[in-house]
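Structural features, examined
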Amino acid sequence: MPIEDRDDAYLITHALAKDTLLRLRDVETTQVAFRKGLVKLGRICGYEIIDGAMETEYVTVQTPLTETTGERVKGLDNVVIINVLRAATPFVEGLLKAFPRAKQGVISAGRDEEAGMDEEGEFPITIDYVKLPEITEKDTVIVADPMLATGSTMCAVLDHVLSNAEAEPTDLFVLSAVSAPDGLLRVGDQFPEADLLTVSIDDHLDDDGYIIPGLGDAGDRAFRTQ
């Protein structure tokens, strides 16, 4: 099965997804290769969402020789992709290869590293910019961020997305490359209506809230800012 139910999340198990993630984890992977890897991983995840979570319908078409019937994916015109700036930008670029007609939103959100985690394992979150398209009950919404660590950022993002939506969307997916168990539990508890999709559920968070083994700071590695 390309998507497996692991209770706290759905795990994308496509062989190419796992291969690409391993290359992203490698400290020797260069900036260009890392960014291209995130694009590739986003595309694979997008295809897996289509295959595992979207319905098809039978339609009739006229070929050059005769009329025939086949299957068409439903709902591709009703997809909203939310880019959690900045690390998700190449990840979303890949998703758009699977959903080229998707509406797009952006949210600039980041945790206050200087403040650190509180006793509950959460960070204060700063939202600097929000630009969201209209979200209706017909839409499939995908909120993409390569890293789901404590879940603090994602919870703040989801709060903005759902509070600004006209109605609850048909499907709401939180998509990440790597996730920590703590973050999955936090997001799942606060937003039970969201399906959590990830390529890997990693071991744990360290004392600074970083995913172990993780893949480092995805934004810094993709944009060479460190």
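Residues numbered from 1 in each chain as written. Predicted model: local features only at pLDDT ≥ 70, side-chain atom pairs only at ≥ 80, totals over all residues. Heavy atoms only, no water.

A look at helix α1 (residues 15–25)
- Considered for burial, the residues of α1 that qualify are Ala17, Thr20, Leu21 and Leu24. On an axial view of α1, the arc spanned by its buried residues comes to 100°, and they lie on one face. What points out from α1, more than 90 degrees from its buried face, is the exposed set Ala15, Leu22 and Arg23.
- Summarising the contacts, the buried residues of α1 are in contact with β2 (10–12), α2 (31–53), β10 (171–179), β11 (195–201) and α6 (218–223). (Buried < 20%, exposed > 50% of the residue type's maximum accessible area, 1.4 Å probe, protein only. Helix = DSSP H or I, 4+ residues; strand = E, 2+ residues; numbered from the N terminus. Arc of directions from axis to C-beta. Contact = heavy atoms within 4.5 Å.)

A short note on unusual backbone geometry
- Here the bond from Leu85 into Arg86 is cis, since omega is 5°, no more than 30 degrees from zero.
- Within the fold, Arg86 resides in the loop between β5 (79–85) and α3 (88–98).
- The amide bond that connects Ile212 to the next residue, Pro213, takes the cis arrangement and shows omega of 5°.
- Here Pro213 is to be found in the loop between β13 (211–212) and α6.
- With phi around 70°, Asp7 is a residue other than glycine that occupies positive phi space.
- Take Asp7: it is sitting in the loop between β1 (3–5) and β2.
- With phi around 55°, Arg224 is a residue other than glycine that occupies positive phi space.
- Counting through the fold element by element, Arg224 comes out in the segment after α6.
- You can call Arg224 exposed: its relative accessible area is 65%.

Topic: the nonpolar core
- Residues Ile12, Leu41, Phe99, Ile142, Leu175 and Leu215 are the most contacted members of the largest nonpolar core, which totals 39 residues.
- For this core, the element with the most residues is α2, which contributes 7 residues.
- Leaving out residues up to four positions away in the same chain, Ile142 has contacts with Ile49, Val79, Val80, Ile81, Ile82, Leu95, Phe99, Phe173 and Leu175.
- Counting 23 residues, the second-largest nonpolar core is a separate cluster that includes Val161, Leu172, Val174 and Val187. (Core = buried A, V, L, I, M, F, W, Y, C linked by side-chain atoms within 4.5 Å.)

Observations concerning the UniProt feature "binding site: GTP" (unreviewed entry) in the chain
- UniProt annotation of "binding site: GTP" (unreviewed entry) refers to Lys36, Gly37, Leu38, Val39 and Lys40 when read in the numbering used here.
- Summarising the element assignment, Gly37 is placed in helix α2.
- If we ignore the near neighbours within four places in the chain, the residues touching Gly37 are Thr20 and Leu24.
- Checked against the element boundaries, Lys40 lands in helix α2.
- Judged by its relative accessible area of 30%, Lys40 falls in the partly exposed class.
- Setting aside its immediate chain neighbours within four residues, Lys40 contacts Leu16 and Thr20. (UniProt positions renumbered as here; feature names shortened; annotations may be inferred.)

Re the pattern of salt bridges
- Tallied over the full model, the rule gives 8 salt bridges.
- Of the charged contacts in the structure, one is a salt bridge between Asp202 and Arg25, with a shortest N-O distance of 2.8 Å. On the criterion of sequence distance, the pair formed by Asp202 in the loop between β11 and β12 (204–205) and Arg25 in helix α1 is long-range, its members being 177 residues apart.
- Residue class for Asp202 comes out buried when judged on its relative accessible area of 4%.
- Exposure remark for Arg25: the relative accessible area of 22% places this residue in the partly exposed category. (Salt bridge = Lys/Arg side-chain N within 4 Å of Asp/Glu carboxyl O.)

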